[in-house]
Amino acid sequence: MALILSGKEAANVFKKEISIKVDRRLKDKKKRPHLAAILVGNNPASSVYVNGKVKDCAEVGFLSTLIRLEEDVTEIELLKNIERLNSDTEIHGFIVQLPLPKQINEKRILLAIDPMKDVDGFHPENFGRMALGLPTYIPATPYGILLLLEYFGIDASGKRAVVLGRSNIVGSPMSILLSSNSKFGNATVTLAHSRTHDLELLTKSADILIVAIGKPLFINQSHVKEGAVVVDVGINRVDGKLKGDVDIDSIFNIASAISPVPGGVGLMTRVGLLMNTLLAADDRE
Ligand code: GUN
């Protein structure tokens, strides 16, 4: 029977720690950390994510500002909003929720964000710093996964880790962090993707399997080694219900630990963003 890596339980503990640090800041006459989010259009999933981030801010004592822009906003208008947030000294950090509508060049948008305020860690400067092991904002989802593993006492050092999915937001940074020479890292990592041959053979060799491919219930008993730790990053809507990329029932008696969907990585991603926002505020004062 697998241990359930409850993001809900871990997130509550980390959020309590963050709120204690906010109280400490206020006692020291420092400002409340302030996160802003730009949400373009009406993508239902993005609205849910951003609303969750705003709710978390209130819970830990941060201020938050939500800027909603129409689906047909021009790139210039979006860039103006970014410039405004870059120069607003009341805002410690901000994010532009992805994905963006097709008239917007995502790379240009991410480049326009002041790296000091880029609490998603998506700016090339921050991504490069992460890859080199320099102080930076670690992208929220990999950061949340590392905190989840730490909370449940799972040490990646020396283990064989397989990361499934090579996105800039999850798979690619996750593989870099797990292989880094740091307290969260020191694993032997393989990054697998849609062109990988003999996937089952590869995933079956993993002590730690991180799945971020966006295919509902794709991973099952034929992919998982006895005693493996399986982290499910998938959030797929199937018949109105949220399903991960892992068929949790089929591996429940094989894996030693599994993160559930919902109630797993999603909540920890939000913790990663809060941690980065607190860091942005601490760096400025
Ligand atoms: N879309 C999906 N995940 C994320 C995230 O972590 N940050 C932003 N900005 N957009 C996302």
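Going by the structure above, here's the rest.
Structure report, in brief.

1. Overview of empty space enclosed by the protein
Right, on to step 1. This structure, assessed with the given rule, holds one cavity of 30 Å³ or more.
Right, on to step 2. Considering the residues around the largest cavity, the lining is formed by Leu35, Ala36, Ala37, Lys53, Val54, Ser64, Thr65 and Leu66.
Right, on to step 3. Where the lining of the largest cavity is concerned, the elements lending two or more residues are strand S2 (34-40), helix H2 (44-60) and strand S3 (63-69).
Right, on to step 4. Looking at side-chain class alone, the lining of the largest cavity contains five nonpolar, two polar and one charged residues.

2. Some thoughts on the site of the ligand
Right, on to step 1. In the vicinity of the ligand, the residues found are Lys53, Val96, Gln97, Leu98, Asp120 and Phe122.
Right, on to step 2. Here Val96 contributes a backbone N or O atom positioned 2.9 Å from a nitrogen atom of the ligand.
Right, on to step 3. For the ligand, the accessible surface in isolation is 280 Å², of which the surrounding protein chains cover 85%.
Right, on to step 4. Structurally, the ligand is housed in the largest pocket.
Right, on to step 5. The residue inventory of the shell around the ligand, partitioned by class, reads three nonpolar, one polar and two charged.

3. What to know about the packing of H2 against helix H10 (residues 265-284)
Right, on to step 1. Two numbers describe how H2 lies on H10: the axes approach to 10 Å, and their chain directions differ by 55°. Considering the angle they form, H2 stands oblique to H10. Viewed along their axes, H2 and H10 form a crossing whose handedness is right-handed. Where H2 approaches H10, its residues Gly52, Lys53, Lys55, Asp56, Cys57 and Val60 are matched on the opposing element by Arg270, Leu273 and Leu274.
Right, on to step 2. Here the contact of H2 with H10 is composed, by residue class, of four nonpolar, one polar and four charged.

4. Some points on the pattern of salt bridges
If the charged atoms of two oppositely charged side chains come close together, the side chains can form a pair.
Right, on to step 1. Applying the stated criterion across every chain yields a total of ten salt bridges.
Right, on to step 2. Where Lys15 meets Glu59, a salt bridge forms, and the shortest distance between an N and an O atom there is 3.3 Å. Here the residue Lys15 occupies a position in helix H1 (residues 7-27), and Glu59 occupies one in helix H2, the gap between them amounting to 44 residues.
Right, on to step 3. With relative accessibility at 10%, the residue Lys15 sits in the buried group.
Right, on to step 4. Two residues, Arg108 and Glu75, come together in a salt bridge whose shortest N-O distance is 2.5 Å. Highlighted residues: Arg108 in helix H4 (residues 106-112) and Glu75 in helix H3 (residues 75-87), separated in sequence by 33 residues.

5. Let's talk about the packing of aromatic side chains
Right, on to step 1. Tallied over the full model, the rule gives two aromatic pairs.
Right, on to step 2. A ring pair is formed by Tyr151 and Phe152, whose centres lie 4.9 Å apart and whose planes are at 80°; its orientation type is edge-to-face.
Right, on to step 3. When its relative accessible area of 28% is taken as the criterion, Tyr151 is described as partly exposed.
Right, on to step 4. Among the residues examined, Phe152 registers a relative accessible area of 18% and is labelled buried.
Right, on to step 5. An aromatic cluster of at least three residues, connected via ring pairs, comprises Phe14, Tyr151 and Phe152.

6. A closer look at a nonpolar patch on the surface
Right, on to step 1. On the surface, Val48, Tyr49, Ile235 and Leu242 cluster together to form a nonpolar patch covering roughly 300 Å² of accessible area.
Right, on to step 2. By secondary structure assignment, the location of Ile235 is in the loop between strand S8 (229-232) and strand S9 (236-238).

7. Points about the sheet that holds strand S11 (residues 257-258)
Right, on to step 1. As summarised here, the arrangement of the six strands in space is S1-S11-S8-S7-S5-S6, forming an open sheet in which the pairing is parallel. The open sheet is flanked by strand S1 (3-4) and strand S6 (188-192), the only strands paired with a single partner.
Right, on to step 2. For strand S5 (residues 160-164) and S6, the ladder comprises five bridges, and the chain directions are parallel. The partner of Arg160 across the bridge, within S6, is Thr188.
Right, on to step 3. Against the sheet, helix H7 (residues 171-179) makes contact with S5, S6 and strand S7 (208-211), and its axis sits at roughly 170° relative to S6, the strand it touches most.

What counts, and where the lines are drawn
- Residues numbered from 1 in each chain as written.
- Predicted model: local features only at pLDDT ≥ 70, side-chain atom pairs only at ≥ 80, totals over all residues.
- Heavy atoms only, no water.
- 1 Å grid on protein atoms, 1.4 Å probe; cavity = no way out; pocket = protein on both sides within 12 Å on 5 of 7 lines; lining within 4 Å.
- Points joined across faces, edges and corners; volume = space filled by probe spheres on them.
- Helix = DSSP H or I, 4+ residues; strand = E, 2+ residues; numbered from the N terminus.
- Nonpolar A, V, L, I, M, F, W, Y, C, P; charged D, E, K, R; others polar.
- Near = heavy atom within 4 Å.
- Polar contact = N/O pair within 3.5 Å; in protein donor to acceptor, adjacent residues only side chain to side chain.
- Areas by Shrake-Rupley, 256 points an atom, 1.4 Å probe, with all protein chains shown as cover.
- Sits in = over half its atoms within 2 Å of the grid points.
- Axes fitted to C-alpha atoms, helices over the stretch in contact; angles between N-to-C directions.
- Parallel < 35°, antiparallel > 145°, perpendicular 65-115°, else oblique.
- Left-handed = near helix turned anticlockwise from the far one by under 90°.
- Contact = heavy atoms within 4.5 Å.
- Salt bridge = Lys/Arg side-chain N within 4 Å of Asp/Glu carboxyl O.
- Buried < 20%, exposed > 50% of the residue type's maximum accessible area, 1.4 Å probe, protein only.
- Phe/Tyr/Trp six-rings, centres within 6.5 Å; stacked < 30°, edge-to-face > 60°.
- Patch = residues over 30% accessible without salt bridge, like charges linked within 9 Å, V, L, I, M, F, W, Y side chains within 5 Å.
- Pairing = 2+ DSSP bridges.

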